[in-house]
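Here is how the chains run, residue by residue.
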Amino acid sequence: MKIWVLHGGEGAERDVSLRSGAAVASALLERGYDAEPVDLRSRKDASAFIERKNGFAFIALHGGWGEDGTLQAALEMAGIPFSGSGHAACAFAMDKTAGKALFREKGIPVPKGIEVSRRGADEESLSGACLEGLLERSGKLVVKPCCSGSTVGVSILDGSGRLGEALEEAFRHDNRVLVEEYIPGREITVAVHERQGVPVCLPVIEIRPRGGFYDYGSKYTPGGSEYRVPAPLEESVRKAVEQAALGAYEALGCRAYGRVDLRLDDDDLPVVLELNTVPGMTATSLVPKAAAAAGISFGEFLGMVVESSLSR
């Protein structure tokens, strides 16, 4: 079966997607698959691809319509098999407010937060007891677009003094913004994939940015962060982290693979931040690192994703 590696897109994560797509196509070719990268620069390109192509679509588009369920829904309607989760899980994962609502319903711990829209959003609308409640844990706030990835448009504030500026930066990328409590502690991530239809966790990774927080530069600049894999965790903590990650994966109805980002608070309790249904696959990305720690090569892992996606 021909494998079309769809990458590119037109949003803020285009450059990362191009690198992911190139890495995926190269690894699949090395493993003997008939793979070819396809740069989808716009929805028009995606529509033309769906009308003309047969085979399997390996989705390596990050953010926007490539990850929010739009492309997945179109492929489903066209009967073209593709990698990863279906359109509904992708939509819930991309929309951080909706995703966290499902996590809360399943008893999965998430940060406290409130959503604000561009219309009428200002510091006064976020003042009072509500804002004080978000500052209670650490005295810090996280401001982020509701539907974006790669830490694009994210600010971490000491107090609320620069809240208006942080909101404006986030609104550059989305008309809806989340203002959340900052969870102090350790930054960790868990890749989940399926073996014979059963979700399992790859080794937990601890992320230690060399400067500031785990922003775009720390993620995609070689040497920008230190990664400890497997993360040095007590057995009970590791099990709690994996339980939270698997719970988040199943709460959204994900399939084939995904990556769950968490914080370990000062009491070593996991708090889920978000789930990525199309995680990065660049040379510095986390999922390949976790697979390697489990003794699985990049190409072998991609083959497992293709097989589990086809068996859906």
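Coordinates for the structure precede this section.
In short, a report on the structure. Please read all numbers here as calculations on a predicted model, not as lab measurements.

Here is what the cut-offs are and how they apply
- Residues numbered from 1 in each chain as written.
- Predicted model: local features only at pLDDT ≥ 70, side-chain atom pairs only at ≥ 80, totals over all residues.
- Heavy atoms only, no water.
- Helix = DSSP H or I, 4+ residues; strand = E, 2+ residues; numbered from the N terminus.
- Rg over C-alpha atoms; globule rule 2.2 N^0.38 Å.
- Buried < 20%, exposed > 50% of the residue type's maximum accessible area, 1.4 Å probe, protein only.
- Contact = heavy atoms within 4.5 Å.
- Pairing = 2+ DSSP bridges.
- Axes fitted to C-alpha atoms, helices over the stretch in contact; angles between N-to-C directions.
- Salt bridge = Lys/Arg side-chain N within 4 Å of Asp/Glu carboxyl O.
- Arc of directions from axis to C-beta.

**Digging into the overall build of the protein chain**
In terms of regular secondary structure, the protein chain is built from 11 helices and 13 strands. In terms of C-alpha radius of gyration, the protein chain reaches 19 Å, essentially the compact-globule figure of 20 Å for 312 residues. Projected onto its principal axes, the C-alpha positions of the protein chain cover 60 × 45 × 35 Å. Out of the 312 residues in the protein chain, the part that is buried amounts to 53%. Here the analysis covers contacts within the protein chain between residues at least 6 apart in sequence; of these, 66% occur between residues at least 24 apart.

**Points about the sheet that holds strand β5 (residues 140–145)**
Strand order in this open sheet of four strands is β4-β7-β5-β6, and the pairing throughout is antiparallel. The outermost strands of the open sheet, each flanked by one partner alone, are β4 (113–117) and β6 (155–158). Across the sheet, the mean angle separating the axes of adjacent strands is 25° when strand polarity is ignored. Inspection of the sheet shows β5 paired to strand β7 (residues 176–181) by five bridges, in the antiparallel sense. Bridged to Leu141 within β7 is Glu181. Here helix α5 (residues 96–105) sits on the sheet in contact with β4, β5 and β7, set at roughly 45° to β7. Of the strands in this sheet, β4, β5, β6 and β7 touch helix α7 (residues 163–171), which is tilted by about 20° from β5.

**Examining the pattern of salt bridges**
Following the criterion strictly, the structure yields 19 salt bridges and no others. With its nearest N and O atoms 3.1 Å apart, the salt bridge here joins Glu36 to Lys2. Residue Glu36 is located in strand β2 (residues 35–40), and its partner Lys2 is located in the segment before β1 (3–8); the two are separated by 34 residues in the primary sequence. Of the residues examined, Glu36 reaches a relative accessible area of 35% and is grouped as partly exposed.

**Some words on the pairing of strand β8 (residues 186–195)**
Sheet faces and side chains relate simply in a regular strand, where the side chains alternate between the two faces. The element β8 is largely enclosed, with a buried count of eight among its 10 residues. Sheet analysis places β8 next to strand β9 (residues 198–201), joined by four bridges and oriented antiparallel. The residue of β9 that forms the bridge with His193 is Val200. Taken together, β8 and the strand that follows it, β9, pair antiparallel across an intervening segment of two residues, in which Gln196 is found at a positive phi of about 55°.

**Overview of helix α3 (residues 70–78)**
Because each turn of an α-helix spans 3.6 residues, side chains separated by three or four positions in sequence point in the same direction. Listing the buried residues of α3 in full gives Leu71, Gln72 and Leu75. Looking down the long axis of α3, one finds its buried residues gathered within 100° of arc, a one-sided arrangement. Looking at the buried side of α3, the elements it contacts are β1, α2 (43–52), β3 (56–59) and α4 (87–94).

**Regarding the environment of Gly79**
Mapped onto the fold, Gly79 is located in the loop between α3 and α4. C-alpha of Gly79 to C-alpha of Ser17: the two residues are 62 residues apart in sequence and 24 Å apart in space.

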